[in-house]
Amino acid sequence: MTIETLNHYQVQVLRTANESHGRDWEKMVCGLGIAGEAGEVADLIKKEVGHGHAANSDKVMIELGDVLWYVARLSELYGFTLSDVATANIDKLKARYPAGFSTERSVNRET
């Protein structure tokens, strides 16, 4: 999937968005949704790594999809495409780590 196809995904997300309570309400729900779904991803990894459960990559993928849904919807509510968000993130990381990740730059970076 290229970054441009993320925008197509974002349009598809709108089909299942609940717009009945207004944009501010939806922003709140999406922010909480990201946190909740990220928690589900973290719990699956905790069970795998910390509790010895079998890895379940299918469940991880489903939960990451839920995180992506909320990110896509929240981005749209703020007027961004997913391509905008991805590009801004890559630009930030290139500026932070111009030669690629290094522990030195991570520890001593400006916030």
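Just so it is clear, the model here is predicted, and its values are computed rather than measured. (Residues numbered from 1 in each chain as written. Predicted model: local features only at pLDDT ≥ 70, side-chain atom pairs only at ≥ 80, totals over all residues. Heavy atoms only, no water.)

A. Representation of the overall build of the protein chain in the model. What the protein chain contains, in helices and strands, is five helices and zero strands. Along its sequence from the N terminus, the protein chain presents helices and strands in the succession α-α-α-α-α. For a compact globule of 111 residues, the expected C-alpha radius of gyration is about 13 Å, and the protein chain comes in at 17 Å, more than 25% above that figure. Along the first, second and third principal axes, the C-alpha set of the protein chain runs to 50 × 40 × 25 Å. Taken across its 111 residues, the protein chain has 21% of its residues classed as buried. Long-range contacts, defined here as pairs at least 24 residues apart, represent 68% of the contacts in the protein chain between residues at least 6 apart. Across the protein chain, 12 positive and 16 negative side-chain charges occur, with their mean positions spaced 3 Å apart. (Helix = DSSP H or I, 4+ residues; strand = E, 2+ residues; numbered from the N terminus. Rg over C-alpha atoms; globule rule 2.2 N^0.38 Å. Buried < 20%, exposed > 50% of the residue type's maximum accessible area, 1.4 Å probe, protein only. Contact = heavy atoms within 4.5 Å. Lys, Arg positive; Asp, Glu negative; His and termini not counted. Charge placed at Lys NZ, Arg CZ, Asp CG, Glu CD.)

B. Layout of a nonpolar patch on the surface. Taken together, the side chains of Trp25, Met28 and Leu32 present a nonpolar region at the surface, about 300 Å² in accessible area. Residue Met28 is classed as partly exposed on the basis of its relative accessible area, which comes to 44%. (Patch = residues over 30% accessible without salt bridge, like charges linked within 9 Å, V, L, I, M, F, W, Y side chains within 5 Å. Areas by Shrake-Rupley, 256 points an atom, 1.4 Å probe, with all protein chains shown as cover. Salt bridge = Lys/Arg side-chain N within 4 Å of Asp/Glu carboxyl O.)

C. Spotlight on the nonpolar core. Among the nonpolar cores identified, the biggest contains ten residues, and these are Leu6, Val13, Ala17, Cys30, Trp69, Tyr70, Ala72, Leu74, Leu77 and Leu82. Secondary structure elements with two or more residues in this core: α1 (3–13) and α3 (57–77). Tallying contributions element by element places α3 first for this core, with five residues. (Core = buried A, V, L, I, M, F, W, Y, C linked by side-chain atoms within 4.5 Å.)

D. A look at the environment of Ser20. Along the polypeptide, Ser20 turns up in the loop between α1 and α2 (23–51). Classification of Ser20 by relative accessible area gives exposed; the value is 57%. Within the structure, the side chain of Ser20 is placed 2.6 Å from the side chain of Asn18, a separation counted as a polar contact. (Polar contact = N/O pair within 3.5 Å; in protein donor to acceptor, adjacent residues only side chain to side chain.)

E. Here's a closer look at the environment of Arg109. Relative to the elements of secondary structure, Arg109 occurs in the segment after α5 (103–107). For Arg109, a relative accessible area of 34% puts it in the partly exposed group. The spacing of Arg109 and Arg96 is 13 residues in sequence and 7.4 Å in space, taken between C-alpha atoms. Dropping the residues within four chain positions of it, Arg109 is found in contact with Arg96 and Tyr97.

F. Broad picture of the environment of Ala38. Checked against the element boundaries, Ala38 lands in helix α2. Residue classification places Ala38 among the partly exposed residues on the basis of a relative accessible area of 36%. Placed 28 residues apart in sequence, Ala38 and Asp66 show a C-alpha to C-alpha distance of 8.6 Å.

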